[in-house]
Amino acid sequence: MPGMRTSRAADFRKTLVATTILASFTLAFGGRALAEDEQQEGLLGEIVVTAQKRSQLLQDVPMSISALSEQALERLGAAQFEDFARTVPSLSFLSGGTGRQKLVIRGLSTQGGSAPTVSYYLDETPLSAQSGTARSVTVDPRLFDIDRVEVLRGPQGTLYGSSSMGGTVRLISSKPNANEFTAKVDGTLSTTRHGGENYGLNAMVNLPVIEDKLAVRVVGYYHDESGYIDRYFGDFPIDNDPETFPDYKNQTTAFPVHKDVNDQTTRGARLAIQFQPTEELTITPSVYAQRTKMSGSPTYDDPPGSDDLGQFRTRDVAEPYSDKWTLYNLTLKYEFGDWAELTSSSSYFDRKSVQTEDVTDMLEFFIPFGIFVPAPIIETLPIKEFTQEIRLTSTNGGRLEWIIGGYYNDNEDKWMDDMIVPGWSDAAGGWSDFFGPDIEENNFFLGRTDRTSKQYALFADVTFHLTPQWALSGGLRWFDLKSTFVRSASGVFNGGSTLTVGDASETGTTFRVLTSYEASDDILFYATVSKGFRPGGPNTGVPLAVCADDLAELGLAEGPSQFNADSVINYEAGAKTRLANGRVTLNSALYYIDWKDVQQLNFLDCGFRFTDNAGSAVSKGVEVEVNARVTERLQVSAGFGYNDATLSADAPSLDGVDGDRLQDVPKWTASASADYTFPAFKGNEGFIHGNIQYAGNAIASFDETNPDDRRPSYTLVNVRMGLRSDDWETAFFVNNLFDKQANLGITDSLGAPIPGLLRVTTNRPRTIGMNVKKTF
């Protein structure tokens, strides 16, 4: 029953939050007794992070940040972004499959814009995501040989620049070690319900060439993952009445079917060389490449559909997806004695993704000839990007700490759409009689957008320790951005041929002011005010031949030529504490974010769209994380984020009114985990890990009453157990233990524009497997 599901979800939220708070207070006030049993045994390990561009202990950083070490990622069995994302408070995502996620931190979510609201880094390099769509096209590197993941919540505009107004996710790879040979092999074999077998192999070799001087680290991996969604052939009824929809699962008439069409293979490699010719200078060149191929996306049709996993979709053509990228980086570090360290990072990023969507039924819906010629649209997105950052960081550890630096980014990307449908004119008995002689035969849409942008920035951050306990920090970033585009388009849906040229420029500043107070060695309080931004940019044009009426309804004679930057001001206060003599950490933060000139996509009935600055919004919430070493053998963790993100002014062009929830933002995110170890035979160690991950309900539009736009809450449970020694580990695992189906994103795509017909992205069903690791 729907009401019962809602009640259970509410009970779960209350139970998990209450458990977290109760555990925190119990450990806080009962910690002394715990510590008396085992004075220094079982202390929580300290994680060193570089969130503020300098090495610091996680608990000493006065900001809201989560960090997952390599060991924590392995305990989770995390292979890619979605495997760890649900364990981080206030981090959520909208997914269209691997490499096609939109990241959201603290509720700062929009459909479109010049860039995402969350920046994504691999070591020193920001990895560009194609935005301007409802779902950004992100990079999703495999997590093997990753030293740690850092998730920085709140605007990071001073040190990380644009696209970090909601926060920043950083993947930090393991570095070459010139003092020790190490190698590692990691293999996984599993099976997925409703799918098939999956296997993966990871390998790493760290080779010291010259002791203390030169080392090489090589990483490689290959993963083959089965699909779990079937593709049925057959034509949709144009009225899209679910009652008349063919019952593909229990049909009496045989329909052709392709099983498990969303299978995926991923292969990648990383090579890093670290050369230290002198004690002061370190040179680290690296190259990282990954290739992903999918036979189809993990989406099913709704309606129809069923309540159990193993959903299906009807398609007349296959919908493959491929993504290949290569990142080249050269990092130089020079230490000026005890005074400062100079860091230079030069990166070149090359990426190309190709996606195919079935638009057969979309063509028949808009041009009803009753012929249903198989029709794909192919979308190609290449990116080439150069990034340079140079900074000088103080290292003397005195009362004054500072960072100054400069940043340069040169980006070229293209957006190409191809909807040429061979054979359509023959099936329809002609072409020019319907669409005129000026449109190329079988060309429904052919478009290409070439975009360039250059950004320059200068930044500085200063911390002054007024007393040994009290510090005051301030940061400032100045940026200058220029962008251009050229768009050519033709075809039936474009109303003929058009050529649009545009440009935009933006100059501005962001800031951060922070104060922190160490009440003791174990308690840190902080408060901060910070600003983040996304640059504006040019719109790529709306063809008047087909969209004039839609624009007129908005009071526009033509589509806006450009849109302005949007920005946020974040007000935040938090505390970081160590309790029970270091056996417990309890971190919490409160925030209030004011978001102005929100960039949103405005979808027109003619099928085109433009970006507009639509209204303003407010996001407020709380985050809590607790980690505890309850005994020498039992460690527990829990955390939650509560977020209330709403429009604070009407957005009439988007049918949004003051008080409406922002799109794709769950109010609650929560997780809990436990790790228990025990002695096993022949001196080995046994272990059991379990985690539960929860994401609250979200909406895909400003209309909460529309059932098609609701994404229900979901809870996933994973378990892992096995044996380990100093140099090997064997684990058995069950992911998605209760075989729950999560709605990870609603796609009203080109392939499904018919009212009431949506494509829903879902997660992998229950997967049972075995993992073996061996180190040398």
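These notes cover the structure that comes with them. (Residues numbered from 1 in each chain as written. Predicted model: local features only at pLDDT ≥ 70, side-chain atom pairs only at ≥ 80, totals over all residues. Heavy atoms only, no water.)

Looking only at helices and strands, the protein features eight helices and 43 strands. Split into buried and exposed, the 776 residues of the protein put 55% on the buried side. Contacts spanning at least 24 positions in sequence make up 70% of the contacts within the protein whose residues lie at least 6 apart. Carbon and sulfur atoms form 56% of the exposed surface of the protein, whose accessible area is close to 32000 Å². (Helix = DSSP H or I, 4+ residues; strand = E, 2+ residues; numbered from the N terminus. Buried < 20%, exposed > 50% of the residue type's maximum accessible area, 1.4 Å probe, protein only. Contact = heavy atoms within 4.5 Å. Areas by Shrake-Rupley, 256 points an atom, 1.4 Å probe, with all protein chains shown as cover.)

With that settled, the discussion passes to the pattern of salt bridges. Inspection of every chain in the model, using the stated rule, returns 38 salt bridges. A single network of salt bridges, built from pairs that share partners, joins Arg106, Arg153, Glu572, Glu623 and Glu625. (Salt bridge = Lys/Arg side-chain N within 4 Å of Asp/Glu carboxyl O.)

With that settled, consider the packing of aromatic side chains. This structure, assessed with the given rule, holds 27 aromatic pairs. On the basis of an interplanar angle of 35° and a centroid distance of 6.3 Å, the ring pair of Tyr199 and Tyr222 is categorised as tilted. A residue pair is termed long-range when its members are at least 10 positions apart, and Tyr199 in strand E11 (residues 197-210) and Tyr222 in strand E12 (residues 214-225) qualify at 23 residues. Using a relative accessible area of 43% as the deciding quantity, one classes Tyr199 as partly exposed. When the ring of Tyr288 is compared with that of Trp325, the centres are 5.3 Å apart and the planes differ by 55°; the resulting orientation is tilted. Remark: Trp325 occurs in strand E19 (residues 321-336) and Tyr288 occurs in strand E16 (residues 281-294); sequence separation between them is 37 residues. (Phe/Tyr/Trp six-rings, centres within 6.5 Å; stacked < 30°, edge-to-face > 60°.)

Summed over all chains, the structure comprises one disulfide. Put simply, Cys547 and Cys606 are joined by a disulfide, and their sulfur atoms are 2.0 Å apart. Measuring handedness by torsion sign, the sulfur bridge of Cys547 and Cys606 sits at about 95° and is right-handed. Taken as a pair, Cys547 in helix H8 (residues 544-553) and Cys606 in the loop between strand E31 (599-603) and strand E32 (609-613) lie far apart in primary sequence, 59 residues in all. Its relative accessible area of 0% is what places Cys547 among the buried residues. On the basis of relative accessibility, which here comes to 18%, the residue Cys606 falls in the buried class. (Disulfide = S-S within 2.5 Å.)

Another point: a positive patch on the surface. Together, Arg267, Lys293, Lys324 and Lys352 give the surface a local cluster of positive charge. Within the element layout of this structure, Arg267 appears in strand E15 (residues 264-275). (Patch = residues over 30% accessible without salt bridge, like charges linked within 9 Å, V, L, I, M, F, W, Y side chains within 5 Å. Lys, Arg positive; Asp, Glu negative; His and termini not counted. Charge placed at Lys NZ, Arg CZ, Asp CG, Glu CD.)

Every buried residue of H8 is listed here: Cys547, Asp550 and Leu551. All buried residues of H8 lie within an arc of 100° about the axis, which places them on one face of the element. Among the exposed residues of H8, those pointing more than 90 degrees away from its buried face are Ala545, Asp549 and Glu553. The inward-facing, buried residues of H8 contact E32. At the C-terminal side of H8, Gly555 shows a positive phi close to 75°. (Arc of directions from axis to C-beta.)

A few words now on the sheet that holds strand E6 (residues 118-122). Reading across from one edge, E3-E8-E9-E6-E7 is the order of the five strands in this open sheet, with mixed pairing throughout. Only two strands of the sheet have a single partner each, and these edge strands are strand E3 (65-69) and strand E7 (125-126). Note: E3 against strand E8 (residues 146-153), five bridges, orientation antiparallel. Along E8, the bridge assignment pairs Ala67 with Glu150. (Pairing = 2+ DSSP bridges.)

A word on the side chain of Gln59. Along the chain, Gln59 turns up in the loop between strand E2 (56-57) and E3. Classification of Gln59 by relative accessible area gives buried; the value is 5%. A polar side-chain atom of Gln59 sits 2.8 Å from a polar atom in the side chain of Asn587. Beyond its immediate stretch of four places on either side in the chain, Gln59 contacts Glu46, Leu524, Lys576, Thr577, Arg578, Thr585 and Asn587. (Polar contact = N/O pair within 3.5 Å; in protein donor to acceptor, adjacent residues only side chain to side chain.)

Here we come to the environment of Cys547. Taking the C-alpha atoms as reference, Cys547 lies 9.7 Å from Phe493; in sequence the two are 54 residues apart. The residues touching Cys547, leaving out its near neighbours within four places in the chain, are Val542, Leu604, Cys606 and Phe608.

Turning to the side chain of Thr577, a few remarks are in order. Here Thr577 lies in strand E29 (residues 566-579). Contacts of Thr577, omitting those with residues within four sequence positions, involve Gln59, Asp522, Ile523, Val584, Thr585, Leu586 and Asn587.

Counting buried residues along strand E41 (residues 743-747), five of its five residues qualify, which places the element largely inside the surrounding structure. With four bridges connecting them, E41 and strand E42 (residues 758-762) associate as antiparallel partners. Paired with Gly745 across the bridge in E42 is Thr761.

Moving on, we get to unusual backbone geometry. The phi torsion at Asn581 lies on the positive side, around 55°, for a residue other than glycine. By the secondary structure assignment, Asn581 is in the loop between E29 and strand E30 (584-596). Relative accessible area serves as the criterion here: at 44%, Asn581 is assigned to the partly exposed category. The phi dihedral of Asp664 is positive, around 65°, even though this residue is not glycine. Locating Asp664 in the fold gives a position in the loop between strand E34 (634-647) and strand E35 (668-679).

Before going further, it helps to spend a moment on a nonpolar patch on the surface. Residues Phe181, Val185, Leu201, Val205, Leu207, Val209, Ile210 and Phe776 make up a contiguous nonpolar surface patch of about 710 Å² in total accessible area. When residues in the nonpolar patch are grouped by element, the largest group, five residues, is from E11. Mapping Val209 onto the fold places it in strand E11. Of the residues examined, Val209 reaches a relative accessible area of 46% and is grouped as partly exposed.

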